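Chain by chain, the residues:
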Amino acid sequence: MTELLERADLLAQLEAARIEGGRLVFVGGEAGVGKTALVREFAARLIGSVLRGSCDNLTTPTPLGPLLDAGVAVDGDPRHVAEALFDALQSTPVLLLEDVHWADQATLDTLRVVGRRIDATGALVVATYRDDEIEGSHPLRVVLGELAASPEVSRLSVPRLSLAAVRGLAEPQGADGEAIHQLTQGNAFYVTEILATEGATLPETIRDAVLARAAKLEPDERLLLDVVAVVPARAELWLLDAVAGEELRNLDACVASGMLHEDGDTVAFRHELARLAVESAVAPHRRRALHTAILRALESSGDLSRLAHHAEEAGDSVAVLEYAAGAAKHAAEAGAHREAAAQYARALRHASRLTAAERVALLAAYGQEAEVTGRYAESIDARLEAIELYQTLGDRLGEGSTMSRLTVPYIRAGWNAEAEKASRAAVDVLEALPPGPELASAYATRAYMRMISRDNADGVTWGEKAVAAAEALGDRDTVAYGLNMIGTSYVMSGEIDRGVDFLLRSLEEARKDGLEVRVASALSMLGSGLGEMYELEQAERYLRECIAFVEAHELTPWYARSWLALVEVYRARWDDGASQARHVLAHPADPISRISSLIALGRVRARRGDPGASDALDEALELAKPGGHLQRLGHVHAARAEAAWLVGDAGRAVKEARTTYPLALEKRHLWFVGELAYWQWKGGALADVPEWIAEPYRLQLAGCAREAAAAWREHGCPYEAARALTEADDESLLLRALAELDRLGARPAAKLLRRAPHARGASVPRGLRLSTRANPGELTARELEVLRLVAAGRRNADVATELVLSPRTVDHHVSAILRKLQVRTRGEAAVAAAELGLLEDR
Amino acid sequence: MDTYVILRRSGWRSGEDLQEAAARSTAAGEQMSDDIRWIRSYVLEEPNGVGTVCIYQASSPEAIRAHAAAADLPVDEIVKVVDTVLVRPDPTPATIDN
């Protein structure tokens, strides 16, 4: 047997894992390297029986199919399925799962739970996969990454055969072992196929080798081979009997030739590579005819995924529509959203003859599954088409609620203006109808839109409308959502206690009604909101609670984890923060979680003087730009300003800080205004600053270094506290700052302090005047700057260039100036400014 | 993997201390071989003992710090190498422990 060469070590490791028990072993290797042969041999050596399941090479596999194969009751969510699996493993403590790189999402979710809880059992689960097919964001890679830290989970890799092994196989047949090794690179399946053909020339590819081997069969034996080849994975004998009829008599010959093998009442190719090779050689018309015959034969089986596959291959649109939509619904219920989305997409490809009402139902369902699986552009397209259809149908409720649903994919895709428009339009449409849950939910979506833009007062107003409407209808989900939006908006406006009260009410309501997603969201907003307000100790507590909750409920932990990374960095636990951030970045997390993680990583690198700070912060900026929200852009630019300052580039620090300073002022964000003002002040480029900025920054900018340091310590930020002390006059405070920076490993800040302890302040204005007292129009510093240039006759574009702002931002400032001065034109503004004495140099 | 230079100035009182550190470094490196590879080190004469300049390949600066923490090695500065100019081979090493 070819496959058993050079596998003794691997077999021994599997056996050791079995004896130890409570282990999940992933066996990786390229296609054809001999993974199946290895696990079969392992199973053959055991005394008792094993559970087996395998994943099929289908674009839309049957949800939980492999576990069904293994005889596990697959009802409910991954936790329940895992429980059922653990029950089955009590009597048969070994499970072999093959080809999990093809596994559906629900199976992978189950595997994730198994990996985390297997130590409580005495069982061994072995899962094989093609390690060269899980590049990039392959879902299996995510699972492997998440389980990498568990001591109960390990990976084995099946290597290719050595030259010696190939020679040992080839030479008894008089074949040239070296040439075969050279060609096959030791791929066990390829070697076997070549040795089975005994041809004069070596086949150039695996496909050629397989077809050369198949060519040695009689013509009617090949006909049976074709039938088996168009059935993915395994063909049942009854199915072959129904489709191949007479030709089934050739089964023994095909098995004897080594092309097929029988396993109980199913027949399969010895390898998926062989099936694909033979399938590719079946003529198109014959393939179609075979799929049609298989479809008819399978009709009574009720396996919707298989039926949908064969219906599409047979080109039978009526059948595709019937089965794909059903398969999609079934997949969504099992939590296999990727498969559900693929099945809906398949149905839509065949939906040309549907009525508008039938089509819109498919589109709505597809839009939902595409959103859940992160395919935002597809989700948007589906919903836009659905809205058009609802309009032709005169279904205003469908139209309005679908518009509201467009908001989330628009925002995730970075199309904020469209999101805003859709969300407004939804309210307009729905307010014209009798009140219902759709309207309450559309109000909550409006609140969400305002909250993420940090228009906190509007966030509260819409949130209150949502709660009132939802309470009248008894819509508990929207009540919890609305309370969350109100609370988050209050927190972001600086009314922290009030905000936390609302968020805790949302949490309580969600818990009472078992609304898992809302529980997770309340905890996540408590954690990230308090984090953004530098209430770090509380933030960390809620973030940890959130992560524990979402992981126990199989929801995504990335946003909470990325905020935990930031909180750890601000609490000066740099190793923990960096490793938390890297953990998120190693997964295909959403862009928003990536941004926060990259900021955490960039800050740590900048503060330690490690390389790669700008790599991380450049990527963060690219990701933050499309959304354009203060919470990301302000955060990224603040981190970039800090990094520039730490490498001694004050000019760039000022530029970075200025970029989002106007936006931060407009939203009245205590902390972003504070930090962005701080870097401008450090660079000697800030005229004044509002009084309401976050206390530690206010004290720093007022020249009260010691008090600022104490305030930072109260927020739990040792690095920021030490940084504040570097601005003190007192020698002993400076020495304390230095000792603290050295202790933290903050090399760049320490270096700056050592290099120029006496030159501090040369470029640093201290005791900055706080407030806009002498400013009748209550213009901000930036608005005054713009106004002076406008009054000097500059065009907006010139102002933009001069102040390093975007033209759009300048437009915005100019409108604010006109509004505040209560004038209509730029000329009137110049006159008003002169009258108010705003143009004098100060 | 990128190449990095790691400065560990005045890290050890004696050559023996450094030998022990090298053994810890190798052991820790084997535990995280996907993320870090020790290429070579230059041992520096310092006022109160010895220090090193180490050349590593690593998946990130954080991997270098994690390795240093696991092996109890000091890190003064990590610098990324963007290019290598080889003029002559290194002088014959005095001791080869790895």
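Look above for the structure.
The paragraphs below set out a description of the structure included in this document. (Residues numbered from 1 in each chain as written. Chains lettered and ligands numbered in written order. Predicted model: local features only at pLDDT ≥ 70, side-chain atom pairs only at ≥ 80, totals over all residues. Heavy atoms only, no water.)

1. Quick word on the overall build of chain B
Thinking step 1. Regarding its fold elements, chain B presents two helices and four strands.
Thinking step 2. Sequence-ordered secondary structure for chain B, helices as α and strands as β, is β-α-β-β-α-β.
Thinking step 3. Against the 2.2 N^0.38 benchmark of 13 Å for 98 residues, chain B shows a C-alpha radius of gyration of 13 Å, consistent with a compact globule.
Thinking step 4. Projected onto the principal axes, the alpha-carbon positions of chain B cover approximately 35 × 35 × 25 Å.
Thinking step 5. The buried share of chain B, reckoned over its 98 residues, is 35%.
Thinking step 6. Contacts spanning at least 24 positions in sequence make up 72% of the contacts within chain B whose residues lie at least 6 apart.
Thinking step 7. Just so you have it, chain B exposes about 6100 Å², and 50% of that area is on carbon and sulfur atoms.
Thinking step 8. Distance between charge centres in chain B, computed from 9 positive and 16 negative side chains, equals 4 Å. (Helix = DSSP H or I, 4+ residues; strand = E, 2+ residues; numbered from the N terminus. Rg over C-alpha atoms; globule rule 2.2 N^0.38 Å. Buried < 20%, exposed > 50% of the residue type's maximum accessible area, 1.4 Å probe, protein only. Contact = heavy atoms within 4.5 Å. Areas by Shrake-Rupley, 256 points an atom, 1.4 Å probe, with all protein chains shown as cover. Lys, Arg positive; Asp, Glu negative; His and termini not counted. Charge placed at Lys NZ, Arg CZ, Asp CG, Glu CD.)

2. So, the overall build of chain A
Thinking step 1. Of the regular secondary structure elements, chain A holds 44 helices and eight strands.
Thinking step 2. Total accessible area on chain A is roughly 34300 Å²; 51% of this is exposed by carbon and sulfur atoms.
Thinking step 3. For chain A, the distance from the average site of its 96 positive side-chain charges to the average site of its 123 negative ones is 7 Å.

3. Description of the pattern of salt bridges
Residue and element names in this part refer to chain A.
Thinking step 1. Scanning all chains against the criterion turns up 76 salt bridges over all chains.
Thinking step 2. Glu 516 serves as the salt-bridge partner of Arg 79, at 3.9 Å between the closest nitrogen and oxygen. Linking Arg 79 in helix α4 (residues 78-91) with Glu 516 in helix α27 (residues 516-532), this pair joins segments that are 437 residues apart in sequence.
Thinking step 3. Across the salt bridge formed by Glu 420 and Arg 424, the nearest N and O atoms sit 3.1 Å from each other. Pair noted here: Glu 420 and Arg 424 are both in helix α22 (residues 416-431), with a separation of four residues, about one helical turn.
Thinking step 4. According to the relative accessible area criterion, Glu 420 is buried, its value standing at 14%.
Thinking step 5. Residue classification places Arg 424 among the partly exposed residues on the basis of a relative accessible area of 46%. (Salt bridge = Lys/Arg side-chain N within 4 Å of Asp/Glu carboxyl O.)

4. A few points about the interface of chain A and chain B
Thinking step 1. Each partner contributes residues to the interface: chain A has 11 residues there, and chain B has 11 residues.
Thinking step 2. Its largest share of buried area at the contact with chain B, chain A owes to Asp610(A), Pro611(A) and Arg747(A), together 51% of the area lost on that side.
Thinking step 3. At the surface where chain A touches chain B, the tally comes to four salt bridges.
Thinking step 4. One salt bridge connects Arg605(A) with Glu62(B), and the closest N-O pair in it is separated by 2.7 Å.
Thinking step 5. Inspection of the region where chain A meets chain B yields five residue pairs in polar contact (both at pLDDT 80 or more).
Thinking step 6. Residue assignment for the side of chain A that touches chain B shows that the elements contributing at least two residues are α30 (574-585) and α31 (591-608) of chain A.
Thinking step 7. Of the residues contributing to the side of chain A that touches chain B, the split by class is three nonpolar, one polar and seven charged. (Buried area = accessible area lost by both parts, 1.4 Å probe. Polar contact = N/O pair within 3.5 Å; in protein donor to acceptor, adjacent residues only side chain to side chain. Nonpolar A, V, L, I, M, F, W, Y, C, P; charged D, E, K, R; others polar.)

5. Some remarks on the environment of Ala175(A)
Residues and elements named next belong to chain A.
Thinking step 1. Looking at the element boundaries, Ala 175 is found in the loop between α7 (163-170) and α8 (177-184).
Thinking step 2. A relative accessible area of 25% places Ala 175 in the partly exposed class.
Thinking step 3. Expressed as a C-alpha distance, the spacing of Ala 175 and Ile 194, which sit 19 residues apart in the sequence, is 9.7 Å.
Thinking step 4. For Ala 175, the residues in contact, after removing those within four places along its chain, are Ala 170, Ile 180 and Leu 195.

6. Some thoughts on the environment of Glu695(A)
Thinking step 1. By the element assignment, Glu695(A) lies in helix α36 (residues 695-701).
Thinking step 2. By relative accessible area, which is 38% here, Glu695(A) ends up partly exposed.

7. Things to note about the sheet that holds strand β4 (residues 77-81) of chain B
Residues and elements named next belong to chain B.
Thinking step 1. One open sheet accounts for four strands, arranged β2-β3-β1-β4; its pairing is antiparallel. Two strands lie at the open edges of the sheet, namely β2 (36-46) and β4, each paired on one side alone. Across the sheet, the mean angle separating the axes of adjacent strands is 20 degrees when strand polarity is ignored.
Thinking step 2. As paired elements, strand β1 (residues 2-12) and β4 share five bridges and run antiparallel to each other. Counted as the bridge partner of Val 5 is Val 79 from β4.
Thinking step 3. Here helix α2 (residues 61-71) sits on the sheet and contacts β1, β2, β3 (49-58) and β4; the angle it forms with β1, its principal contact strand, is near 35 degrees. (Pairing = 2+ DSSP bridges. Axes fitted to C-alpha atoms, helices over the stretch in contact; angles between N-to-C directions.)

8. Details of the side chain of Thr660(A)
Thinking step 1. In this structure, Thr660(A) sits in helix α34 (residues 650-666).
Thinking step 2. Filtering out sequence-adjacent residues up to four positions away, Thr660(A) remains in contact with Leu630(A), Leu633(A), Gly634(A), His637(A) and Leu676(A).

9. Observations concerning the pairing of β1(B)
Thinking step 1. As paired elements, β1(B) and β3(B) share eight bridges and run antiparallel to each other. Across the sheet, the residue bridging to Asp2(B) is Ala58(B), located in β3(B).

10. Quick notes on empty space enclosed by the protein
Where empty space is left becomes clear once a probe the size of a water molecule has been rolled over the atoms.
Residues and elements named next belong to chain A.
Thinking step 1. One pass over the full model with this rule turns up one cavity of 30 Å³ or more.
Thinking step 2. The volume enclosed by the largest cavity comes to roughly 80 Å³.
Thinking step 3. Together, Gly 531, Glu 532, Tyr 534, Trp 563, Tyr 570, Arg 603, His 635, Ala 638, Trp 671, Phe 672 and Glu 675 line the largest cavity.
Thinking step 4. If you list the elements that add at least two residues to the lining of the largest cavity, you get α27, α29 (558-570), α33 (630-646) and α35 (670-682).
Thinking step 5. Among the elements that take part in the lining of the largest cavity, α35 stands out by supplying three residues, more than any other. (1 Å grid on protein atoms, 1.4 Å probe; cavity = no way out; pocket = protein on both sides within 12 Å on 5 of 7 lines; lining within 4 Å. Points joined across faces, edges and corners; volume = space filled by probe spheres on them.)

11. Describing the sheet that holds strand β4 (residues 124-130) of chain A
Residue and element names in this part refer to chain A.
Thinking step 1. Taken in spatial order, the five strands of this open sheet run β2-β3-β4-β1-β5, and their pairing is parallel. Edge strands, defined here as strands with exactly one partner in the open sheet, are β2 (51-54) and β5 (153-157). Neighbouring strand axes in the sheet, compared pairwise and without regard to direction, differ in orientation by 15 degrees on average.
Thinking step 2. Two strands pair when backbone bridges link them, and strand β1 (residues 23-29) and β4 are joined in this way by seven bridges, in the parallel orientation. Directly across from Gly 29, in β4, lies its bridge partner Arg 130.
Thinking step 3. Packing of helix α6 (residues 139-147) onto the sheet brings it into contact with β1, β4 and β5, and relative to β1 it is tilted by some 135 degrees.

12. Considering the packing of helix α28 (residues 536-552) of chain A against α29(A)
All names here are of chain A.
Thinking step 1. The geometry of α28 relative to α29 is characterised by a closest axis approach of 9 Å and an angle of 150 degrees between their N-to-C directions. Taken together, α28 and α29 sit at an angle that is classed as roughly antiparallel. Where α28 crosses over α29, the handedness of that crossing is left-handed. Facing α28, whose interface residues are Leu 536, Ala 539, Glu 540, Leu 543, Arg 544, Cys 546, Ile 547 and Glu 551, α29 presents Ala 560, Arg 561, Trp 563, Leu 564, Val 567, Glu 568 and Tyr 570. (Parallel < 35°, antiparallel > 145°, perpendicular 65-115°, else oblique. Left-handed = near helix turned anticlockwise from the far one by under 90°.)

13. Quick notes on the layout of surface pockets
Residue and element names in this part refer to chain A.
Thinking step 1. Estimated volume of the second largest pocket: approximately 1500 Å³.
Thinking step 2. Lining the second largest pocket are 50 residues, with Pro 662, Leu 663, Glu 666, Lys 667 and His 812 sitting closest to its centre.
Thinking step 3. Of all the elements, helix α43 (residues 807-821) adds the most residues to the lining of the second largest pocket, at eight residues.
Thinking step 4. Considering only residue class, the lining of the second largest pocket consists of 18 nonpolar, 17 polar and 15 charged.
Thinking step 5. Residues from two domains meet in the lining of the second largest pocket; each of domain 2 (620-759) and domain 3 (781-835) gives at least three. (Domains from an automatic or database assignment.)

14. Observations concerning the packing of aromatic side chains
Residues and elements named next belong to chain A.
Thinking step 1. Tallying each qualifying case throughout the model produces 16 aromatic pairs over all chains.
Thinking step 2. Both rings, one in Tyr 443 and one in Trp 462, keep their centres 5.8 Å apart while their planes meet at 35 degrees; by these two values the pair is tilted. Placement of the pair is Tyr 443 in helix α23 (residues 437-452) and Trp 462 in helix α24 (residues 456-473), with a sequence separation of 19 residues. As far as the burial class goes, Tyr 443 and Trp 462 line up, both buried.
Thinking step 3. Here the aromatic cluster, defined as three or more aromatic residues joined through ring pairs, consists of Tyr 534, Tyr 570, Trp 645, Trp 671, Tyr 678, Trp 679, Trp 681, Tyr 697 and Trp 712.
Thinking step 4. The ring of Tyr 542 carries the charged tip of Arg 541 above its face, separated from the ring centre by 5.0 Å. (Phe/Tyr/Trp six-rings, centres within 6.5 Å; stacked < 30°, edge-to-face > 60°. Lys NZ or Arg CZ within 6 Å of the ring centre and 35° of its normal.)

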